Every structure is written in structure tokens, then in C-alpha cells.
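Chains, contacts and geometry: an overview
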Amino acid sequence: MVLATELARLREKASFSLSELADKTAYDRTHLYRLETGEKLGSPAVMAALDQTYGTGKHLADLWELARDDVFRDKYKRFMELEKRASVWQQYAIGAIPGLLQTESYAREMLGFVYAEDEDELEVQLAARMARQERLHGEGRLNVRAILDESVLRRPMKDASAWHQQLRHLLRTAEFPNVTVQVLPYSAGLHHLLGTSLTVLWFPDGTSVAYNETNMTAELFEEPADVERLKLSYDLLRDSALPPRESVALIRNILEAGTSCESRPST
């Protein structure tokens, strides 16, 4: 990894031991060692501290951005390959409606933030996302269990009519026998997955993997102990979520409130 190599090079050039560097940056020497070996990616904060220590401007911060993107793509590609083999898909979604439950308009707006300057790539990614939804139908269809944070339902699209179409699509999909949608209401309060999306994939042989994602990082867990810990996290959230029937009622209420406001004559 370029970032890890550069971290080791800069420390050698500065003639710092790991202990000396730890004192200068206030980061543990073991953590710094793992950054230099590529075992850990680190964070923007530690890169800023190292840039300041070495007098390298934003050099390491920029390398971290590139490394993060590479790691994210590799892990996401692996996750997509595993999803094709999965028989059960569980997700807790915090930022947006999950891709398997999105309309094309919703997916286009979401992907547009990433591929705003590359229309061709946007179309490729959009087609790939829509194709994933074929797993919801036919023989060997995927069993989907989605927990949506209430914030997902309170964050509309730019186009109100497209947003209402998305909510209707969500309601229709929730009627599929292989799809269960639940809402984690604001009233559930704080929890240990706050700010984190979690997906658990189950395979026909009973094994499973977990994919943990924030707006800055993504981690694919395949070790049984790690997966079990995250599966428990999902189960605890499900215990706090509204039952499926109440969840559907809440989505319908949000839809009806939105369409009512849209149709109300202006004064």
C-alpha cells in the first residue's frame, strides 16, 4: 500500500522511533506501527497529526483519501460477489433506502452525487443496482429483512412526486412474502450502531458474513467471532424496531402526509 510505505519512509527520514512519534502525535505506538504495515488504514485525524509532525502539508491526508477509496471499492466488490450467493439478506439502513428497495429515480439521485461528472459510469452503476433487484423474484429468491432508521423516511428526494413514488414502491415491496420491512423509530433512542449501516448475508450452508459501513469507512467481516458480534447488534436493533405492520403504517402515514401537503392549494 502506497500510504503505508510513505508513512514508514517519512518516519525513517525524520529518524523518529515509534515511541518518539507516539509522543509527538499523541497516538499509540502500536497503532502507528499498524498504519506503517498496512494492517490499519487509520483516520483523517491521525493523518493530519502526522502531516503536521512531518511538515508535509496535506500529503498524507490526500494519500489516505486515495487509499480509503481503493479499500472501499475492493471490499464492496467482494461484498457484491457474496450477495449473489446469499439466501438471506438483513440490513439496518441509516442514510438511505437500501439499494434492493430503491426505485430507479431514487437510485439515480443517490448515484448522481458520486458520478455527477461521468454520465456513462452513472448509467452503468444504475443498471447494476437495478439488476440486483432481480434477486427479489423467481426461483431462489432472496429473503430480505430490512430495518430502516426513521431518518431514512424523513429525508425526501428533490422531486416530491418521485419521493412519493419511492414510498409507494417501498410499501408494495413490503408486501412480498420474502420481504420484511421494519422501522427503527426515533423513540428507540441512542444505540451502539448509531451512524453505522450494517448488512448481514446468510448462505444456504448456514454461514454468514457482515458488512459494516459509515460515510467514511467500510469493513467486510468474515471471521465467525466478528460476524456473531454484529449479528447480535442487528438482533438488538430488531428488538427495538416497530413490528412490520406498524412499520408499514408509519410509512403510509408519511406518504399520505406528504401527498396531502403537495395537493393543498397555496394561499
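Summary of the structure given here.

How each quantity is defined
- Residues numbered from 1 in each chain as written.
- Predicted model: local features only at pLDDT ≥ 70, side-chain atom pairs only at ≥ 80, totals over all residues.
- Heavy atoms only, no water.
- Salt bridge = Lys/Arg side-chain N within 4 Å of Asp/Glu carboxyl O.
- Helix = DSSP H or I, 4+ residues; strand = E, 2+ residues; numbered from the N terminus.
- Buried < 20%, exposed > 50% of the residue type's maximum accessible area, 1.4 Å probe, protein only.
- Axes fitted to C-alpha atoms, helices over the stretch in contact; angles between N-to-C directions.
- Parallel < 35°, antiparallel > 145°, perpendicular 65-115°, else oblique.
- Contact = heavy atoms within 4.5 Å.
- Nonpolar A, V, L, I, M, F, W, Y, C, P; charged D, E, K, R; others polar.
- Arc of directions from axis to C-beta.
- Polar contact = N/O pair within 3.5 Å; in protein donor to acceptor, adjacent residues only side chain to side chain.

Side note on the pattern of salt bridges
- All chains considered together, the criterion is met by 10 salt bridges.
- Glutamate 222 is the partner of arginine 78 in a salt bridge, and the nearest nitrogen-oxygen pair spans 2.9 Å. Here glutamate 222 lies in the loop between strand 6 (218–221) and helix 10 (224–240) and arginine 78 lies in helix 5 (residues 59–85), a separation of 144 residues in the sequence.
- Residue glutamate 222 is classed as partly exposed on the basis of its relative accessible area, which comes to 38%.
- Glutamate 104 is the partner of arginine 108 in a salt bridge, and the nearest nitrogen-oxygen pair spans 3.7 Å.

Focus on the packing of helix 1 (residues 2–14) against helix 3 (residues 29–37)
- Across the interface, helix 1 lies against helix 3 with an axial gap of 6 Å and an inter-helix angle of 120 degrees. Classified by the interaxial angle, the pair formed by helix 1 and helix 3 is oblique. Packed against helix 1, whose contacting residues are Ala4, Leu7, Ala8 and Arg11, the element helix 3 presents Leu35, Glu36 and Thr37 at the interface.
- In terms of residue class, the contact of helix 1 with helix 3 is built from 4 nonpolar, 1 polar and 2 charged.

A few points about helix 3
- Listed as buried for helix 3 are Leu32, Leu35 and Glu36. Within helix 3, the buried residues cover an arc of 95 degrees as seen down the axis, which keeps them to one side.
- Taken together, the buried residues of helix 3 touch helix 1, helix 2 (18–25) and helix 4 (44–54).
- With a side-chain oxygen lying 2.8 Å from the backbone nitrogen of threonine 30, the N-terminal cap of helix 3 falls on aspartate 28.
- Following helix 3 by one or two positions, glycine 38 has its phi on the positive side, about 85 degrees.

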